[in-house]
Amino acid sequence: MQILDFIRGRILRKFIDLRSLSARQVSYDEIIRIELLVAMCLVAVLCGSIYLVIGIFFKLSYLIILTYLLFFSTVIPFVLFLIKKGNYNQAKLIMMVIGSLFMFIKAASLGRESGMNLAMLIIIFATFAFYSIEDYKYILLSLVITSTLIVLLETTDYSLLGNDRTTNLYEYEFNYITTILFCILFFYVILRVNQFINSKLTGLNNKLLLKNNSLKKLNEELDSFVYRTSHDMRAPLTSLMGLVTLIKNEKDPATIQELVRMQENCINKLDLHIQQIIQLSRNLKTDPTTQPIQFESILNDVFEELSFFEQAGAMKKTIRINTPFHLYSDPYRIKTILNNLISNSFKYCRIEEVQPSIDIDISSTKKSTIILIKDNGIGIPAEYLDHVFEMFYRASNQSTGSGLGLYIVKEMVEKLGGTISVKSRVNSFTQFLIEIPNTTSTL
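Structural notes, computed from the coordinates. Because the structure is a prediction, the values reported are computed rather than measured.

Comments concerning the pairing of strand E7 (residues 429–437)
As paired strands, strand E5 (residues 368–375) and E7 are joined by eight bridges and run antiparallel to one another. Considered in E7, the bridge of Ile371 is made with Ile434. In this sheet, E7 lies alongside strand E6 (residues 419–425) in antiparallel orientation, the contact comprising seven bridges. If you follow Val422 over to E7, its bridge partner there is Phe432. Linking E6 back to E7 in an antiparallel pair, the connection comprises three residues, with Asn427 at a positive phi of about 55°.

As structure tokens, then:
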């Protein structure tokens, strides 16, 4: 294989403009066929030269010598020129047509015993090696021309242009060897093309299987999402309508004030559901953008937006940011991830028992950025840890949310190509570890 790679890299590709192939998005199997055409030209020149040198000692006919010289000096250089210019189909067609005529002229003057009937098969094998099924017009044209010439040779007993006995001396051995050589070359290329196509089909099948599994998961989640979301959104609306009725019949200002506060809670719950639906939809439908992430600015915005929490003022915040390698990622998704995790720390803190605290540690390496968020809240029981990222899962009776927050976090982290894990101990701590790969300024 190393010898073949050397031949391809150092010899064949000197005649091929790979940049042009790449710019035109030529497939790999077609590149293999183009390499075959170049190899056939070079092997033909090598075999023909050896044939002429040896044949001089056996007094080749002038017709054979003239045919070889014309073929080597005009056709093959022109074919290689067309390949270099990117006219691959024209180069193949010329090689097939002129090659057939060259073989015909030689065969028509040597007789059947020369083995030229065997050598004519080279053109037929080459037709199927040079072209893909999409090029069926070229295949049909080449087969019609070659078949017509073979029929003509058979009906004239390979002596239409005479019967050169001198040239015939070692012709059978030469034709036998060259036919085997070219057939090996053609079958190798066909095998390589088939291997490439099979590999590509396997890759496409694997992608299709992953897509099907993803769609199955999405459909299951969609069914659950529609049912649970409609229920969770209807609950605060029902409460809101009940509170409106109570306010209409209430005269006491203090009671009215309390009922208004309860209305605000219902509206906030409804707003949270709507925000989470928007977040899920945006995460599914949009690709990540790539911008430099300013963690200080994002965290300041998050804490300001969450300042309405009663626990926000009492929470001790420790923030460490050490990012010598800049993260380029999606600011919207990064902010949503941080917002959901930090808001959970506010919701599930133990304000009566200990000083509530949250530690945020952000660091980067050349390959990734690591975000560590740890609080000293109520914690998550060990048996629930494997399920906290599932849609609508609530790990605590204290939870008043929809059960979508951590699910959204996980989906967004994975959309960014990252990973997330959780550790926790009841009435001790909860820690989320996120790792997001660093990218360049462009995707």
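Topic: the pattern of salt bridges
Applying the stated rule across the entire model yields four salt bridges. Put simply, Arg320 and Asp361 hold a salt bridge, and the shortest N to O gap is 3.5 Å. Here Arg320 is found in strand E2 (residues 316–322), whereas its partner Asp361 is found in strand E4 (residues 357–364), with 41 residues between them in sequence. When its relative accessible area of 40% is taken as the criterion, Arg320 is described as partly exposed.

Let's talk about the sheet that holds E6
In space, the five strands of this open sheet follow the order E2-E4-E5-E7-E6, with mixed pairing throughout. At either end of the open sheet lies a strand with only one pairing partner, and these are E2 and E6. Looking at each pair of strands side by side, their axes are set apart by 10° on average, direction ignored. Of the strand pairs in this sheet, E4 and E5 are connected by seven bridges, and their pairing is antiparallel. Looking at the pairing, Ser364 lines up with Thr369 of E5. On top of the sheet, helix H11 (residues 295–305) reaches E2, E4 and E5; it is set at about 160° to E2, its chief contact. Each of E6 and E7 touches helix H13 (residues 405–415); the most contacted strand, E6, lies at about 145° to it.

Points about unusual backbone geometry
Although it is not a glycine, Asn427 adopts a positive phi angle of roughly 55°. Mapped onto the fold, Asn427 is located in the loop between E6 and E7.

Some points on H11
Those residues of H11 that sit buried are Phe295, Ile298, Leu299, Val302 and Phe303. Along the axis of H11, the buried residues cluster in a sector spanning 130°; they form a single face. More than 90 degrees from the buried face of H11, the exposed residues found are Asn300 and Glu304. Contacts made by the buried residues of H11 are with E2, helix H12 (331–347), E4 and E5.

Rules used in this analysis
- Residues numbered from 1 in each chain as written.
- Predicted model: local features only at pLDDT ≥ 70, side-chain atom pairs only at ≥ 80, totals over all residues.
- Heavy atoms only, no water.
- Pairing = 2+ DSSP bridges.
- Helix = DSSP H or I, 4+ residues; strand = E, 2+ residues; numbered from the N terminus.
- Salt bridge = Lys/Arg side-chain N within 4 Å of Asp/Glu carboxyl O.
- Buried < 20%, exposed > 50% of the residue type's maximum accessible area, 1.4 Å probe, protein only.
- Axes fitted to C-alpha atoms, helices over the stretch in contact; angles between N-to-C directions.
- Contact = heavy atoms within 4.5 Å.
- Arc of directions from axis to C-beta.

None of the figures reported here should be taken as evidence of function without further support.
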